[in-house]
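Per-entry structural report
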Amino acid sequence: MATDFKSIPIIDISPLLCKCNDPKVVEDSEVSEVVKQLLLACKESGFFYVKGHGVPDSLLKEVRDMAHKFFDLPYDEKIKIKMSAATGFRGYQGIGENLTQGRPDMQEAIDCYREFKPGRYGALGKALEGSNKWYIIIKALSLKTLCGEFEGLRAGDPFWITRIVGYPGISDSIVPGLPENYIGCGAHTDYGLLTLVNQDDEIPALQVRNRSGEWIWAVPIPGTLVCNICDMLKIWSNGLYESTLHRVITNSPKYRVSVTFFYEPNFNAVIEPLEFCKQKVDGIKKCERAVYGEYLVRKVYGNFGIEYLMNK
Ligand SMILES: N=C(N)NCCCC[C@H](N)C(=O)O
Ligand SMILES: O=C(O)CCC(=O)C(=O)O
Ligand SMILES: [Fe+2]
């Protein structure tokens, strides 16, 4: 359950990285301390910054620089990798094409989804069949390498999504009578397990809602990644962890980029509150079950107007 948090904690996870292969990891006091902080953050705000994550600052910056370069290209170039229902919703979408709660977001983006063999996830998976445009977009993004880490038996054959988002800058001279909260991305929760956000320095934009409805800034902290709990993890934890509402405000004249990686469950996974999480609240089930793939496809359809959907 989210609380009235006023700030988002910064957690140094380096002990986890150093000691993850140590057979005595569970007894390690530094590791226990990190785990304690993570647990608290997952319950109180569903959001935290991580530092000591092992991804060099220079690489985080390089990724964002490449995203800026892509979005700087003329529109005619960008639409060479245009997304549609026919591309499995993979590729570029222009400003105002993504909808949140039915309203256009003032952003442009490139969406990538885990690739899989046609037919692998049956009729449901058909919506997302297609290949990513890696060769143009993110040769050096290193996200593919990172994705590789998450795949395989060890992590249960998870799905993943990555979204490279650009928010055009704004100023009174461009939009006279500009509202104070110009929406780069409307209020939403994320769908899967855990989101990692690599955001531009110096441009506060991401906001997270606490229990009383106040919007708390997740200002950029150089070298950190913003992490947040998503809907499927909330269900698994029987509501113990919060999938917190967040949004993006644009009030800077500077163009802002964020690169998000969504770590998701297996596409076919049936997600239900785990028994030991129910036990913590006298066996009461607090969240409804969902099939991840169904949930995702419903969200993807909701994110686009009808012209996208007519196209497959
Ligand atoms: N794959 C994820 N989580 N993408 C997040 C996008 C959030 C905004 C979207 N229009 C929505 O309304 O959900
Ligand atoms: O741009 C950001 O900081 C976050 C974007 C976001 O919330 C999303 O794409 O799900
Ligand atoms: Fe989000």
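Residues numbered from 1 in each chain as written. Chains lettered and ligands numbered in written order. Predicted model: local features only at pLDDT ≥ 70, side-chain atom pairs only at ≥ 80, totals over all residues. Heavy atoms only, no water.

Rules: UniProt positions are given in the numbering used here, feature names are shortened, and annotations may be inferred rather than shown by experiment.
An unreviewed UniProt entry lists the chain under the name Oxoglutarate/iron-dependent dioxygenase, with Macleaya cordata given as the organism. The heading Sequence similarities (unreviewed entry) in the UniProt record of the chain holds the text "Belongs to the iron/ascorbate-dependent oxidoreductase family."

1. Looking at the pattern of salt bridges
Which entries qualify depends on this criterion: Just to be clear on terms, a salt bridge is a Lys or Arg side-chain nitrogen sitting within 4 Å of an Asp or Glu carboxyl oxygen. Buried means the residue's accessible area, taken with a 1.4 Å probe over protein chains only, is under 20% of the maximum for its type, while exposed means over 50%, and partly exposed covers the values in between.
According to the stated counting rule, one finds 17 salt bridges in the structure shown. Note that Lys19 is salt-bridged to Asp28, the shortest N-O span being 3.1 Å. As far as the burial class goes, Lys19 and Asp28 line up, both buried. Residue Glu202 pairs with Lys254 through a salt bridge whose shortest N-O separation is 3.5 Å.

2. Considering the state of the cysteines
Applicable threshold: Note on terminology: pairs of cysteine sulfur atoms within 2.5 Å are recorded as disulfides.
Here the structure, examined in full by the defined rule, presents zero disulfides. Take Cys20: it sits in no disulfide, and the sulfur closest to it among the cysteines is that of Cys18, at 8.6 Å. Free cysteine: Cys185, not disulfide-bonded; nearest cysteine sulfur from Cys230 at 13 Å.

3. Quick notes on the sheet that holds strand β6 (residues 108–113)
What counts here: Strands were regarded as paired on the criterion that DSSP finds at least two bridges between them. In this text, helices come from DSSP runs of H or I with a minimum length of four residues, and strands from runs of E with a minimum of two, each type numbered from the N-terminal end. As a rule, the C-alpha atoms of each element are fitted with a line to give its axis, helices using only the stretch in contact, and angles between N-to-C directions run from 0 to 180 degrees. Contact between two residues is taken to exist if any of their heavy atoms lie within 4.5 Å; hydrogens are not considered.
As summarised here, the arrangement of the eight strands in space is β1-β2-β12-β9-β14-β7-β6-β3, forming an open sheet in which the pairing is mixed. Strand pairing shows two members of the sheet lacking a second neighbour, β1 (10–12) and β3 (91–93), which therefore form its edges. With strand direction ignored, the average angle separating the axes of adjacent strands in the sheet is 25 degrees. As judged from the six bridges shared by strand β9 (residues 194–199) and strand β14 (residues 256–263), these two strands associate in the antiparallel manner. By the bridge assignment for β14, Gln199 is matched with Ser258. Docked against the sheet, helix α2 (residues 29–44) engages β1, β2 (47–51) and β12 (225–229), running at close to 155 degrees with respect to β1.

4. Details of the coordination of the iron ion (ligand 3)
Definition in use: Shown as donors are all N, O and S atoms within 2.8 Å of a metal ion, widened to 3.2 Å for Na, K and Ca; because water is not in the atom set, sites may appear incomplete.
Taken together, His188 (NE2), Asp190 (OD) and His246 (NE2) make up the full set of protein donors to the iron ion (ligand 3), lying 2.1 to 2.3 Å away. Spacing between the donor residues of the iron ion (ligand 3) along the chain follows H-x1-D-x55-H. Take His188: its relative accessible area is 19%, and that puts it in the buried class. Accessibility expressed as a relative area gives 6% for Asp190, which makes it buried.

5. Topic: the environment of His68
As for its placement among the helices and strands, His68 is situated in helix α3 (residues 57–72). Taking the C-alpha atoms as reference points, His68 and Asn251, 183 residues apart in sequence, are found 18 Å from one another. With near-sequence residues (within four places) excluded, His68 lies in contact with Asp200, Tyr255, Arg256 and Val257.

6. Let's talk about the site of ligand 1
For clarity, the cut-off: Any residue with at least one heavy atom within 4 Å of a molecule or strand is counted as near it. Contacts described as polar in this section are N or O atom pairs within 3.5 Å, which, within protein, must combine one atom able to donate a hydrogen with one able to accept it, while residues neighboring in sequence count only if both atoms come from side chains. All accessible areas in this document rest on Shrake-Rupley with a 1.4 Å probe, and a residue is counted as covered only by the protein chains that are shown. In the scheme used here, Gly and all other residues not listed as nonpolar or charged are polar, with Ala, Val, Leu, Ile, Met, Phe, Trp, Tyr, Cys and Pro taken as nonpolar and Asp, Glu, Lys and Arg as charged.
Asn98, Leu99, Thr100, Asp105, Ile161, Cys185, His188, Asp190, Tyr191, Phe262 and Asn303 make up every residue found near ligand 1. Leu99 has a polar backbone atom sitting 2.7 Å from a nitrogen atom of ligand 1. Separating a nitrogen atom of ligand 1 from a side-chain N or O atom of Thr100 is a distance of 2.7 Å. Taking 370 Å² as the accessible area of ligand 1 by itself, protein coverage stands at 91%. Listing elements by their share of the shell around ligand 1, those giving two or more residues are β4 (99–100) and β8 (182–188). The residue inventory of the shell around ligand 1, partitioned by class, reads five nonpolar, four polar and two charged.

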